[in-house]
Amino acid sequence: MIRQVRSCRDKLHAAGMVRPERLAILVEDDQLLQEGAEDLLALGRDVFAGTGAMAMMIAEPDVPLQTLIPMSIAADVHSLTPLDTETRTFLHDIPVIRRHRGPLPHREIIAALRRRKGVLVEDVGLIAVGQMTVEQTYVNLSSLYHALFVSCLLRLVRSGRFLGAAEKDLLRPLVRSLSVDIPPAFADMPSDFPDNCSAVRHAMAQAGRRTVELKLVDSFFGNVSCRSDQGVLISQTGASLDHLDECIDLVPDDNSSTAGITASSELVAHRAIYRQTKARVILHGHPKFSVIASLNCAETDCPVSDCWRECTRPRSIGPVPIVAGEIGAGGIAETLPAAMAGGIAIVYGHGVFACGQQGFRDPLQAMIALENRCRREYLNRLISIQGAF
Amino acid sequence: MLSRHYGWHGCLLHVDLNRQSIRTCAIEPQLLHSYLGGRGLGVRLLRDAHHREPCSADMPLIFAVGPLGGTAAPTSARMSVVSRSPLTGTVFDSSCGGSFAWHLKAAGFDALLVTGCSPQPVLLDIKEGTASLVPASRLWGQTVSVTHQALAGAGSCAAIGPAGERQVRYANIITSEGNAAGRGGLGAVMGAKGLKAIRVDGRRQTRVAQQSRLAQGVRDVMRLLKASPFVFGDLGISRFGTPALVDVLAQRRLLPAENFRKTLSAPAIRINAAALHQRYQPHKRGCHGCPVACKQFTEAGDKLPEFGSLGHFAALGDNPDLDGIVAAARRCNDLGLDTQSAAASLACWSEIKGDFPRVEQLPELLEMIAYRRGVGELLAQGAQRLADELHQPQAAMTVKGLELPPLDPRGGCGLALSYVTSNRGACHLRAFALSHEVLRKPVATDPLTFAGKARINTGAENTCAAVDSLVACRFALVAAGLEEYAALLTAVTGLDYTAGDLQAIGERIFLTERFYNQNNGFDHRDDVLPPRFFTSGMAAAEGADMAPVDGEAFADELRRYYRFRGLDEQGRLPATYLDGQP
Ligand SMILES: [Zn+2]
């Protein structure tokens, strides 16, 4: 168990989404295992048993969302609905525990964690729980982080509220990081289509790993596939992009085997793209600024209320189209293929699909370029609204 | 009754067949709030009767629906049939879909409780708020399909076949839509009461406290079902039914052959979803209002077998014949026999005898079982009793007398542990370890390690007990969880339930069952797998052999499980356990 705890801790550190010294992990398996910052562990010990969970993670995110978000919403708001599709699907709403400068309301935290997978606690950070495994808790924490990051940053450029000096101080490290591009680290990747099955699997694992190493995406969300003579090779559902080696299913085109019932929920979208385009490989992930850009719609007085499913207005980031459609059987397979003509498209509030006719180099390059463009445009917009940092 | 209730009607229909009397009575709100419905309510209603003999007149047979039944909550048109099993001697509940449960709820009842024994065969006819007993001597002796045809009309019907009438220990109750309350022989309990069938027709709506919250909750669950590869994926059960599991289970070496002496690998292709589709071009149908609709039917309207029936009948030989298997499963349903226990009992008998039946011999053998003719008398006792009788107890692939489903415990440590801790005997659906060990939901776990599985199974058993009491379908759990179903329950009843609350309710239900079993003499000596799984691996024609279950690791994890459950080393709860329970 301690091995699982350390592996999740290391993943969190590597992903850079939490401050390494501000993380606590508690696990109950016969006895209580604890690892991390003592003050956070003390809070954990007070609330953990009451939640009935198997594991709990308490973390301060790299961007201080626990302070920025409460500052940006009304004092009587006690939950946030994630805007991005995938977290919206799995988290529904995120309780926000306000402390109004008082002591931590432990009972309120427990009650929220008996209802939801994670919460934001003002001035403390994110708390996520898992019922089954430590890794599940890690997945819940990353979903929570992703949802709140997107929601917080979108609010900074849309709410019309001007930031105070304190908020600007908190945001300065993020702003600085945005002026540096994600490096175009794909030169070592084969540009040709892999010529045998094991080379295909190797190329898929490499592409997945690279998106995570570049911090282009969080490891748990996304999938990778490859067209082969025998069908589609695709990463399994819930597989982590940086550990795909053993997690790839072969799905024959004629469904002569349903062993791929464990394949990614986006199998149907990947298959539709292969049917309707010349693509031979597909890379899908949730780069945060591409997601934010897709949600930052300038339309006013639009009749559509469910943008995730119903938006039909042609929008794009430069040449990259944005389409609507929910995951799995939720409609994405109908909208996406036609948008893939240029090799890359954004699904509204969800993530990026990039395809290639050779190896994974082209789609990775396209995804990095798009995310860098979205990062720069976000930064420019933030500064144009909020002034210099 | 209790018109202030949302979700529940607060009403029980009690039929006493000794006196041929029928009355309705109120159910205490606190019991409904604390046990929900379905399995939980049924188990609670059994409290004063759990020690009675399974097929005795005073043993209740309970049909319980849940608070979500009759609402828009997805997959909620289900009930649990609860009694004590003549096969296992344990408390037993069978979750059953179709539209019988929907009609029972719509007739205004949360539960139907049948006691006594009718001197003449009867039919129970339930309409909204009322019920009557009708002589059914004409139907006694008829098959399930003939009985259903004779009673066809508005509403739904649940009937037993010749197997239930003759109290075969694994006789099922089967609804007119083809859904079974299966496994533990509750059809024999019904047969012992002289109750041939129950017909129910209701139209009453379930009152919902907060319609807009319910609509929101339904959207949340639907989004998860659509995001689930297992449910609505291209290869999922909505398209292919539960046979969609065959290929992945064969790939993981989980499908047994010849009474768990081999694994079914390549031959599984002959019985997989693709083979069924090619052969029968099935139509899909679902339980009442279910968006998933995982049941598959032929053009002629015959129900095609589920994964469990396919797997067990295929396991009888090394050259599975699809038509023969489909015909055997259909024959079982018509006779009112449990497909899995029938096939598994045949496998046990075949191993002892040293010769497995050919598929064309199956219809005759199944008939002999249902009518208890010739060797059928022995086979009708189930694998454990027949193996004991033939002095080969090690040939019985059973736990607490229930035959294993066609899922080899050597292929999944969580699965192996769940077989022995299940309160109704070997069953993969009580902790549903397949969900994480095979289907990777809600998170993938390593099937070949025991580490963490006691803790996971404890939580999962509680979750499953809660879901069986709402009542919702186990398959929805692969996509959604207690978090989403608690929101639905809150919207329907207007009472605040969290996922944590449902876990606690599930735990109460599970431990109550364990406590009843304990009172009936069960303890740690019954929490054992057949020795075969610890001593021999599975040899397959191709691929690596699967190792036997590591006995020491298994025992360690079982001890850990006992600690999580608050049991002593003999696997026992404190004798006062029920004192604090509502
Ligand atoms: Zn995605």
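Quick notes on the rules
Residues numbered from 1 in each chain as written. Chains lettered and ligands numbered in written order. Predicted model: local features only at pLDDT ≥ 70, side-chain atom pairs only at ≥ 80, totals over all residues. Heavy atoms only, no water. Donors = N, O, S within 2.8 Å, 3.2 Å for Na, K, Ca; no water. Helix = DSSP H or I, 4+ residues; strand = E, 2+ residues; numbered from the N terminus. Buried < 20%, exposed > 50% of the residue type's maximum accessible area, 1.4 Å probe, protein only. 1 Å grid on protein atoms, 1.4 Å probe; cavity = no way out; pocket = protein on both sides within 12 Å on 5 of 7 lines; lining within 4 Å. Points joined across faces, edges and corners; volume = space filled by probe spheres on them. Nonpolar A, V, L, I, M, F, W, Y, C, P; charged D, E, K, R; others polar. Domains from an automatic or database assignment. Polar contact = N/O pair within 3.5 Å; in protein donor to acceptor, adjacent residues only side chain to side chain. Pairing = 2+ DSSP bridges. Axes fitted to C-alpha atoms, helices over the stretch in contact; angles between N-to-C directions. Contact = heavy atoms within 4.5 Å. Buried area = accessible area lost by both parts, 1.4 Å probe. Salt bridge = Lys/Arg side-chain N within 4 Å of Asp/Glu carboxyl O.

Asks: Any chance you could explain the coordination of the zinc ion here in plain terms?
Replies: All names here are of chain A. Looking at the zinc ion, one finds its protein donor set to be H284 (NE2), H286 (NE2) and H350 (NE2), positioned 2.0 to 2.1 Å from the metal centre. Here the donor residues of the zinc ion share one chain and are spaced in sequence as H-x1-H-x63-H. Pair noted here: H284 is in strand β11 (residues 281-285) and H350 is in the loop between β14 (344-347) and β15 (351-356), with a separation of 66 residues, a long-range link. Pair check on accessibility: H284 and H350 agree, each one buried.

Asks: How should the layout of surface pockets be read in this particular structure?
Replies: It is the rolling of a water-molecule-sized probe over the atoms that shows where space remains empty. Its volume calculated, the second largest pocket comes out at about 1200 Å³. Surrounding the second largest pocket, 38 residues form its lining, E135(A), R440(B), A444(B), T445(B) and D446(B) being those nearest its centre. Secondary structure elements with two or more residues in the lining of the second largest pocket: α1 (2-15) and β10 (248-251) of chain A together with α19 (434-437) and α20 (453-470) of chain B. Element by element, the count of residues in the lining of the second largest pocket is highest for α1(A), at 5 residues. Tallied by class, the residues present in the lining of the second largest pocket amount to 14 nonpolar, 12 polar and 12 charged. Two domains each provide a minimum of three residues to the lining of the second largest pocket, namely domain 1 (2-161) and domain 2 (197-385) of chain A.

Asks: Honestly, the environment of D195(A) in this entry has me stumped. Any pointers?
Replies: Residues and elements named next belong to chain A. Counting through the fold element by element, D195 comes out in the loop between α7 (165-178) and α8 (197-213). Taking relative accessible area as the criterion, D195 reaches 69% and is therefore assigned exposed. Once the C-alpha coordinates of D195 and S228 are considered, the two residues, 33 residues apart in sequence, prove to be 9.5 Å apart. Of the polar contacts made by the side chain of D195, one reaches the side chain of N196; its length is 3.3 Å.

Asks: In this structure, what is going on with the sheet that holds strand β4 (residues 79-84) of chain B? I would like to understand it.
Replies: As a general point, the strands of a sheet are linked pairwise by backbone hydrogen bonds and lie either parallel or antiparallel. Residue and element names in this part refer to chain B. Pairing within the open sheet is mixed, and its 6 strands lie in the order β2-β1-β6-β3-β4-β5. On the outer flanks of this sheet lie β2 (21-26) and β5 (91-96), each paired with one strand and no other. Ignoring which end each strand starts from, the neighbouring axes of this sheet average 15 degrees apart. Against the sheet, helix α2 (residues 38-45) makes contact with β1 (11-16), β3 (61-65), β4, β5 and β6 (111-115), and its axis sits at roughly 25 degrees relative to β4, the strand it touches most.

Asks: For this particular structure, what's the right way to read the interface of chain A and chain B?
Replies: Each partner contributes residues to the interface: chain A has 45 residues there, and chain B has 43 residues. For the pairing of chain A and chain B, the buried interface totals around 3800 Å² over both sides, and the portion due to carbon and sulfur atoms is 55%. The tally of links from chain A across to chain B stands at 8 salt bridges. As a salt-bridge pair, E326(A) and R223(B) come within 2.9 Å of each other at their nearest N and O atoms. For the interface between chain A and chain B, the tally reads 20 residue pairs in polar contact (both at pLDDT 80 or more). Contributions of two or more residues to the side of chain A that touches chain B are made by β1 (18-29), α4 (85-91), α5 (106-115), α6 (134-158) and α9 (267-276) of chain A. Among the elements that make up the side of chain A that touches chain B, the one with the highest residue count is α4(A) (4 residues).

Asks: What am I meant to see in unusual backbone geometry here?
Replies: If a residue is not glycine, its phi is most likely negative; likewise, a peptide bond is most likely trans. Note the cis peptide between K441(B) and P442(B), where omega equals -5 degrees. Within the secondary structure, P442(B) sits in the loop between α19 and α20. The residue after L470(B), namely V471(B), is reached through a cis peptide bond having omega -15 degrees. Note on placement: V471(B) falls in the loop between α20 and α21 (482-493). Phi is positive for H92(A), which is not a glycine, with a value near 65 degrees. Exposure remark for H92(A): the relative accessible area of 6% places this residue in the buried category.

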